[in-house]
Amino acid sequence: MVRLGGLVCLPFRFIGSRGPRVLTSVVPATTNRSLSFIAAETMKPPVAKKVKHEMTLFDDVRIDNYYWLRDDSRTNPEVLSHISQENSYTDSVMSGTKKFEDEIYSEIRGRIKEDDVTAPKRKGQYYYYKRTLEGKEYAQHCRRLVPNNGAPPSVFDVMRDGPDAPPEHVILDENIKAQGHDYYSIGSQRTSKY
């Protein structure tokens, strides 16, 4: 990296049809993009060591040189140290994009309708659906009694809501279950007939 007044000259390797060669990119020294390049030039990415590990299944031998990085318990200090180094490198390289990432995230969040209800699905004597609430991270799984229970299901079924509708029953509120946890996810859920 060479500074020329308000410009930064960054060499990079290019492999073209005539073979590998080193080219130079000239960018203004004040742009966020150049700061990311400068960080990438000054901080080298961590390189994981290779440790040969053979696995045999059905007489097929497979070699995985990075098997040592598998740490299902998340307690191996060597693996945790390597991941920490990778995260530090990523943060330094991507530091110039933080403001842009925040803008994109805000725009995506701004387009999401937080207070919403999925299309109800009739099963037996109930309509089942999910509800999301404004300011909450997780959904509520709900059901509502079908007013004319004897009628067969039809594509013209409409779940009524409002003061004249049957009361809503919250079967499962993920927001309550998620309290005290950093992350919560339901793998699958099925309601019994009763």
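Is there a simple way to think about the nonpolar core in this case?
The tendency in soluble globular proteins is for nonpolar side chains to be buried as a group. Among the nonpolar cores identified, the biggest contains 5 residues, and these are Y127, Y129, C142, V146 and M159. Aside from chain neighbours lying at most four places away, what touches Y129 is V117, T118, A119, P120, Q140, H141, C142, R143, R144, M159 and E168.

Looking at this model, I keep getting lost on the side chain of H141. Mind explaining?
Within the element layout of this structure, H141 appears in strand β9 (residues 139–145). Only 2.6 Å separates the side chain of H141 from the side chain of E174, close enough to count as a polar contact.

Looking at this structure, I do not really get the side chain of D173. What am I missing?
Within the secondary structure layout, D173 lies in strand β10 (residues 168–173). Although D173 is buried, it makes no salt bridge; K136 carries the closest opposite charge, 6.9 Å away. Only 3.1 Å separates the side chain of D173 from the side chain of Q140, close enough to count as a polar contact.

Explain the pairing of strand β8 (residues 126–132) to me, please; I cannot follow it from the model alone.
By the criterion of burial, β8 is predominantly enclosed, with 5 of the 7 residues buried. As paired strands, strand β6 (residues 116–117) and β8 are joined by 2 bridges and run antiparallel to one another. Bridge pairing in β8 places D116 opposite T132. Alignment of strand β7 (residues 121–123) against β8, held across 3 bridges, turns out to be antiparallel. Along β8, the bridge assignment pairs R122 with Y127. Taken together, β7 and the strand that follows it, β8, pair antiparallel across an intervening segment of 2 residues, in which G124 is found at a positive phi of about 65°. Across 7 bridges, β8 lies against β9 in antiparallel orientation.

Is there a simple way to explain helix α2 (residues 77–93) in this structure?
In an α-helix, one full turn covers 3.6 residues, which means residues spaced three or four apart are oriented alike. The terminal C-alpha atoms of α2, which comprises 17 residues, lie 24 Å apart, in line with the 24 Å expected from a rise of 1.5 Å per residue. At the N-terminal end of α2, a side-chain oxygen is found 2.9 Å from the backbone nitrogen of E78, two or three residues along, and the residue is N76.

Here is what the cut-offs are and how they apply
Residues numbered from 1 in each chain as written. Predicted model: local features only at pLDDT ≥ 70, side-chain atom pairs only at ≥ 80, totals over all residues. Heavy atoms only, no water. Core = buried A, V, L, I, M, F, W, Y, C linked by side-chain atoms within 4.5 Å. Buried < 20%, exposed > 50% of the residue type's maximum accessible area, 1.4 Å probe, protein only. Contact = heavy atoms within 4.5 Å. Helix = DSSP H or I, 4+ residues; strand = E, 2+ residues; numbered from the N terminus. Polar contact = N/O pair within 3.5 Å; in protein donor to acceptor, adjacent residues only side chain to side chain. Lys, Arg positive; Asp, Glu negative; His and termini not counted. Salt bridge = Lys/Arg side-chain N within 4 Å of Asp/Glu carboxyl O. Pairing = 2+ DSSP bridges. Expected span 1.5 Å × (residues − 1).

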